[in-house]
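Observations on the three-dimensional arrangement
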Amino acid sequence: MASKRESLNKELIFLILQYLDDEKFKDTVHKLERESRVFFNMKHFEDMVFDGKWDEVERYISAFTKMEDNRNSMKIFFEIRKQKYLEALDKQDRAKAVDILVKELRVFSQCSEELFNEITRLLTLDNFRENEQLSNYIDAKTARTVMMNELKRLIETNPVFHEKLQFPSIKGRLQTLLEQSLNFQHSLCQNPMQNPDPDTRTLFVDHKCRRSNNSFPPANVSNQPMGPALRAEGFLPIGANGPLQPAPAPVQNPFTTWMPNPSPLTHPTASGGTIGLSVHTNPAAILNGPQDSGARPIGISDRMILPGTNPGPSYSPAFNMIDELPKTVARTLNQGSTPISMNFHPIQQTLLLVGTQAGEIGLWEVGSGEKLVGRNFDIWDIEAISMILKAALTKDPHVSVNRIIWSPDGFLFGVAYSKHMVQLYAYHGGNDIRPHLEIDSHVGSVNDLAFAKPMKKLSIITCGDDKTIKVWDAASGTKQYTFEGHEAPVYSVCPHNKDNVHFLFSTSLDGKIKAWLYDTMGSRVDYVAPGRRCTTMAYSADGKRLFSCGTSEAGESHIVEWNEMEGVVKRTYQGFFKRSLGVVQFDMTKNQFLAAGDDHSIKFWDVDNVNLLTSINAGGDLPASPRLCFNKDGTLLAVAACYNRIKILATVDGLRLLDTTKSHSLIPSRISSENVAKNGDTRNLENVTPRLIEEVNSMKIWKLTEINEPAQFRSLRLPVRVKTDKILRLIYTNSGNAVLGLASNALHLLWKWPRSELNLSGKATTKDHPQLCQPASGILMTNDLTDARPKEAVPCFALSKNDSYLLSASGGKISLFNMMTFKTMATIMCPPPAATYLAFVPEDNNIIAIGMDDSTIQISNVRTDKVMRKLEGHSKRVTSLAFSNVLNLLVSSGADAQIIVWNYDKWEKEKSTFLQIPAGKTPAVLSDTQVQFHQDQIHFLAVHETQLAIYETTKLECVNQWVVRESSAPISHASFSCDSQLVYAGFLDGCVCIFGASTLQLQCCIKPTAYLPSDFSSTVYPYVIAAHPQEHNQFALGLTDGGVYVFEPLDSEGKWGIPPPVANGSSRSFPTVPQVVASSSHQPQG
């Protein structure tokens, strides 16, 4: 009763707030908001922030949260007070700034003394914009806008504000309640019909009709007490659709500290597998979950809804909403056996993985309708599997796929089978898939598989019929955790994280949902899902809303949205009118639409409305509960159809995507969909001879792509207004909107692309010209050449992660530049020795590794200008440095062709080797060697004038090598593309060659005649190459004549040539693993 009264009191306050707002009592409205704390008025808060009314801002926010409530709350107060402080500094009001610092900001020193000291140091600067983090500060108005966006995020993800940010739609509701009350009172009058329009003079006492002078008592009046008034027809009892039952009082447990924050890694939703359940800050809500009376979960209506009736308010969606759904059948793929699980590639959105009932895995390019790969289940290492599995396969060799899914970066995909096994494949583009890991993971069926990064390294999570969940290292296959506690086979898993707290949810066939941290403390959640059977759960892509779909043993299906804070069902979607045949699967796209396969059709819902938005049958021939999955952008929807087919449905944008992909299909089809049998397993139906003939023919017709003329690709020479010499260093900014070069005369050149009609993104492109940047002050970024020896100097630079600061040297001191103002902030490390290479340590922008010309590597703190460690091992100057923040290793190379691996936790030497110089090759005495990490952070590229080589870091073994022919010019420089699928290499004869990174096979060659003038000198060649950080087909060249070019393939091609066919066993390649942690900066520094 107390909980119900509390809920009604809250609703009454909302009604009063609405009334006060309607009557324009603004001050009273906001005072009641503060005192009642039921509604946080974001618009009012935003207005105060933009007006700079800081005292009122703090007074308002303080009514809802205190600084010590949680981390988000502390950040909110810090951002507000920091802005006050900066505005005081900007107005040169030092006294006020000091007052704010001492009285309001000092409290944060308890959390971070270093941060407080840095804020204090701003008082010593003439302009606080000289600080790296504040260099982009423009003015108070702009800064308030930026801060308000951050405050909104902090408030929306702060559990304290949960359910306080939305005002219910109740305009006019108070008036309606008054009228209903008066009508009810009037119905209790002795003769209500005599006065159809009751005379109401006051609300303070109950209404009673005054007796009319002409009135007579009604006939047959009984003196018996009047019974209760009849309820108006069509109205339900007040509790039928009332507020959900609140959760019990909080119980302290580790979940209490979890703070909602959208996850950067959301478990994809797809047929045949799990999606996810989030954690909310109210631990009791998690521990107790949806309250269950034994009949149905709370929140599911008690009303009986008959087929054909409208289960809720009328819903007339806008035409363009339905038009955003993929409804047009654009492709039909013949898989050959029944599709069980499907998943689109996270980046290449027309690549579709399919797992089937016959145990086959298929990889389709849906744009062209080509089946790139088809493989049947096979044990890779028969000696390694358990005797239980051997016995099971002997008894029944049939194996089906339960789940197939890409890793988040698309470098790996995993397959969960119906018997024991999980297999992981490495994907190298096109039709190139290679076995990576095979794990005998569970006894019985492996029911689901997911990827996560709970320990900053990619892990695989599996569950199975043996009632366990297991976590495995994706690189080695080592088991990390086993979670036990379910009493039935585990049906699905869902990894998730919030505020860097990683956890996973699991559902079992008895309908139980459990949550686990990555420890040995057991499950933190144990409750029952709607349907009490097979359930999958999913977050919206932004991580803010949680949904689940389940089917009971009796065939009753449910799609619901959850109230995370209360642990109860918030919204139940209507539309399952019949008993489902099979388990209904669902998926979600654009944070807006839900889709589920039911009743031989695909049904769609708008997430904000419980009523069915629309349903389609996709031309018919759909099974009772078709499997389905969206691609990342929601422009394509794959639907499993009858007769072993898959229908690809598309939006208008999806049709364009398919047509574009079809026009430049990357790989010739190895397996034609027409040749696949329509029914049953195809493993015994393949004709070996045609496949061999096809492979031989493809080898014969393949030809190296040569670009000899400007019309064959897109190139752009960047404008230069100042005299420049040879470009010795070149890099894109991390944002991808600018190119930075360092010339031999120590001058830096920065080209930046503005936003325009031709370039809406503002990224570097060959379609629009950039501007050569120069501040109004006229300052040029030029390195200090004091004590430098120009002829021996080796220029180098490194750019900070946020593109704000540049460290650079040209044989003299190392200069620290502000990239906004071009001002020199400081100079350090006076030679000798001189710096020859610079690289930031991944975890700390203040720590740099400096390669020196005396063969040492110095680890230095830029802020204090102190050398922390000195590493010795090379015999000649250090020419390159590269960090792996996955392996915690530093790789260095020298002019002596030596490569050394260092552990940068302890700064100790681990391994070393020398490049394998080919026989007959005599490199220069001081020949530079460059190293650059692959995106997987495990392999690296070594570049020498004689070769390109790929090394595995931990063993320091060369796994692939391409050697320059005797008649060819030496290599000048090379770089991975941003996705590490290509290697761009420049040569001393002016050629630029493009190799496939996995095999180091040449696939495209750009001749100097294609980009240099007809009278070009033989001394002009690409001295340095830089790859765009986001566009994998774009790169830039720095030439020996001071020119800088940007290259891209033609739109009609979309790629740099076609990789040569790989005959079985004819070429070597390295077995890459996925990118387990994103590199702080994939680009090489220098």
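Residues numbered from 1 in each chain as written. Predicted model: local features only at pLDDT ≥ 70, side-chain atom pairs only at ≥ 80, totals over all residues. Heavy atoms only, no water.

Broken down by element type, the chain carries 14 helices and 57 strands. Across the 1086 residues in the chain, those meeting the buried criterion constitute 53%. Within the chain, contacts between residues separated by at least 24 positions form 56% of all contacts whose residues are at least 6 apart in sequence. Summed over its atoms, the accessible surface of the chain is roughly 49100 Å², and 51% of this surface lies on carbon and sulfur atoms. (Helix = DSSP H or I, 4+ residues; strand = E, 2+ residues; numbered from the N terminus. Buried < 20%, exposed > 50% of the residue type's maximum accessible area, 1.4 Å probe, protein only. Contact = heavy atoms within 4.5 Å. Areas by Shrake-Rupley, 256 points an atom, 1.4 Å probe, with all protein chains shown as cover.)

Below, the discussion takes up the packing of aromatic side chains. Here the structure, examined in full by the defined rule, presents 37 aromatic pairs. For the ring pair Phe 40 and Phe 45, a centre distance of 5.2 Å and an interplane angle of 55° mean the geometry is tilted. The same class applies to Phe 40 and to Phe 45, which are both buried. Their ring planes at 85° and their centres at 5.1 Å tell us that Trp 380 and Tyr 425 sit as a pair that is edge-to-face. Placement of Trp 380 in the loop between strand E5 (370-375) and helix H12 (387-395) and of Tyr 425 in strand E8 (residues 421-427) is noted, with a sequence separation of 45 residues between them. (Phe/Tyr/Trp six-rings, centres within 6.5 Å; stacked < 30°, edge-to-face > 60°.)

Quick look at helix H4 (residues 54-62) now. Of all the positions in H4, only Trp 54, Val 57, Glu 58, Tyr 60, Ile 61 and Ser 62 are classed as buried. Buried positions along H4 lie against helix H2 (26-36), helix H3 (42-51), helix H5 (71-90), helix H6 (94-105) and helix H8 (140-156).

Turning our eyes to something else, we now look at the sheet that holds strand E18 (residues 534-539). In space, the 4 strands of this open sheet follow the order E18-E19-E20-E21, with antiparallel pairing throughout. The open sheet has two edge strands with one neighbour each: E18 and strand E21 (568-573). Direction aside, the axes of adjacent strands within the sheet are offset by 30° on average. Pairing of E18 with strand E19 (residues 546-551), which is carried by 6 bridges, proceeds in the antiparallel orientation. (Pairing = 2+ DSSP bridges. Axes fitted to C-alpha atoms, helices over the stretch in contact; angles between N-to-C directions.)

A word on the sheet that holds strand E15 (residues 501-508). The strand order across the open sheet formed by 4 strands is E14-E15-E16-E17, and the pairing between neighbours is antiparallel. This sheet does not close on itself; its edge strands, each paired only once, are strand E14 (490-498) and strand E17 (525-528). Adjacent strand axes in the sheet meet at a mean angle of 20°, parallel and antiparallel pairs treated alike. Examined bridge by bridge, E14 and E15 share 8 bridges and lie antiparallel to one another. Its bridge partner lying in E15, Pro 495 is registered against Leu 504.

Throughout the structure, instances matching the rule amount to 29 salt bridges. Here Lys 84 makes a salt bridge to Glu 104, at a shortest N to O gap of 2.8 Å. Placement of the pair is Lys 84 in helix H5 and Glu 104 in helix H6, with a sequence separation of 20 residues. Considered together, Lys 84 and Glu 104 belong to a single accessibility category, that of buried residues. (Salt bridge = Lys/Arg side-chain N within 4 Å of Asp/Glu carboxyl O.)

Take the pairing of strand E50 (residues 957-963) next. For a regular strand, side-chain orientation follows a simple rule: the groups alternate between the two sheet faces. As defined by bridge partners, strand E49 (residues 947-952) adjoins E50 across 6 bridges and the pair is classed as antiparallel. Its bridge partner lying in E50, Ala 949 is registered against Gln 961. Count of turn residues in the E49/E50 antiparallel hairpin: 4 residues, of which Leu 956 carries a positive phi of about 55°.

Take His 934: it is sitting in the loop between strand E47 (930-933) and strand E48 (939-944). Judged by relative accessible area, His 934 falls into the buried class, the value being 3%. At a separation of 2.9 Å, a polar atom in the side chain of His 934 contacts the main-chain amide nitrogen of Asp 936. (Polar contact = N/O pair within 3.5 Å; in protein donor to acceptor, adjacent residues only side chain to side chain.)

Bringing the environment of Gly 778 into the picture now. Relative to the helices and strands, Gly 778 is located in the loop between strand E34 (771-772) and strand E35 (796-799). We classify Gly 778 as partly exposed; its relative accessible area is 36%. Considered as a pair, Gly 778 and Phe 822 are 44 residues apart in the sequence and their alpha carbons are 9.2 Å apart.

The next subject is the nonpolar core. Residues Phe 40, Phe 45, Tyr 85 and Leu 105 are the most contacted members of the largest nonpolar core, which totals 37 residues. Elements supplying a minimum of two residues to this core: H3, H4, H5, H6, helix H7 (113-121) and H8. Broken down by element, the residue count for this core peaks at 8 residues, all from H5. Not counting the four nearest positions on each side in its chain, Tyr 85 is found in contact with Ala 97, Ile 100, Leu 101, Leu 105, Ile 119, Thr 120, Leu 122 and Leu 123. (Core = buried A, V, L, I, M, F, W, Y, C linked by side-chain atoms within 4.5 Å.)

Turning next to the pairing of E48. Of all the 6 residues making up E48, 6 are buried; the element is thus mostly covered by neighbouring parts of the structure. Because side chains alternate across E48, one face comprises the buried residues His 939, Leu 941 and Val 943, and the other comprises Phe 940, Ala 942 and His 944, equally buried. Summarising the sheet, E47 and E48 pair through 4 bridges and their orientation is antiparallel. Pairing of Gln 932 across the sheet is with Leu 941, part of E48. Where E48 and E49 come together, 6 bridges link them in antiparallel fashion. From the neighbouring strand, Leu 941 faces E49, where its bridge partner is Ile 950.

Another point: a nonpolar patch on the surface. Taken together, Leu 178, Leu 203, Phe 204 and Val 205 make up a surface patch of nonpolar side chains, about 460 Å² in accessible area. As for its placement among the helices and strands, Phe 204 is situated in the loop between helix H9 (173-187) and helix H10 (283-288). (Patch = residues over 30% accessible without salt bridge, like charges linked within 9 Å, V, L, I, M, F, W, Y side chains within 5 Å.)

Time to look at the environment of Thr 782. Here Thr 782 shows up in the loop between E34 and E35. Sequence spacing of Thr 782 and Lys 823 is 41 residues, and the spatial spacing of their C-alpha atoms is 9.6 Å. Contacts of Thr 782, omitting those with residues within four sequence positions, involve Asn 745, Ala 746, Leu 747, His 748 and Phe 817.

Right, let's get into the packing of H4 against H5. Interaxial distance between H4 and H5 falls to 11 Å at its minimum, and their mutual angle equals 175°. In terms of orientation, H4 and H5 fall into the roughly antiparallel class. Contacts from Trp 54, Asp 55, Val 57, Glu 58, Ile 61 and Ser 62 of H4 reach H5 at Ile 76, Phe 77, Ile 80, Arg 81, Gln 83, Lys 84 and Glu 87. Class assignment for the residues of the contact of H4 with H5 results in 6 nonpolar, 2 polar and 5 charged. (Parallel < 35°, antiparallel > 145°, perpendicular 65-115°, else oblique. Nonpolar A, V, L, I, M, F, W, Y, C, P; charged D, E, K, R; others polar.)

Let us now look at a negative patch on the surface. Residues Glu 114, Glu 843, Asp 844 and Asp 905 make up a contiguous surface patch of negative charge. Topologically, Glu 843 is positioned in the loop between strand E39 (835-841) and strand E40 (844-852). (Lys, Arg positive; Asp, Glu negative; His and termini not counted. Charge placed at Lys NZ, Arg CZ, Asp CG, Glu CD.)

Let's shift gears to the confidence of the model for the chain. With 81% of its residues at a pLDDT of 70 or more, the chain shows a mean pLDDT of 80. Confidence over residues 212-319 falls short of pLDDT 50; this stretch has 230 contacts with residues more than four positions distant or in other chains. (pLDDT = per-residue confidence, 0-100.)

All right, on to the environment of Trp 562 then. Considering the arrangement of structural elements, one finds Trp 562 in strand E20 (residues 557-563). Residue classification places Trp 562 among the buried positions, given a relative accessible area of 5%. Remark: the alpha-carbon pair of Trp 562 and Phe 547, spanning 15 residues in sequence, is separated by 6.0 Å.

Following the sequence through the fold, Asn 334 ends up in strand E1 (residues 328-334). At 3.4 Å, the side chain of Asn 334 and the backbone nitrogen of Gly 336 are in polar contact.

Before going further, it helps to spend a moment on unusual backbone geometry. Omega for the peptide link from Pro 831 to Pro 832 comes to -5°, which places this bond in the cis form. For Pro 832, the position within the fold is in the loop between strand E38 (824-828) and E39. Pro 833 follows Pro 832 through a cis peptide bond whose omega is -5°. By secondary structure assignment, the location of Pro 833 is in the loop between E38 and E39. Even without a glycine there, the phi angle at Asp 621 is positive, about 60°. You can call Asp 621 partly exposed: its relative accessible area is 39%. Of note, the phi angle at Asp 865 is positive, near 55°, even though the residue is not glycine. Secondary-structure assignment places Asp 865 in the loop between strand E41 (857-861) and strand E42 (866-871).

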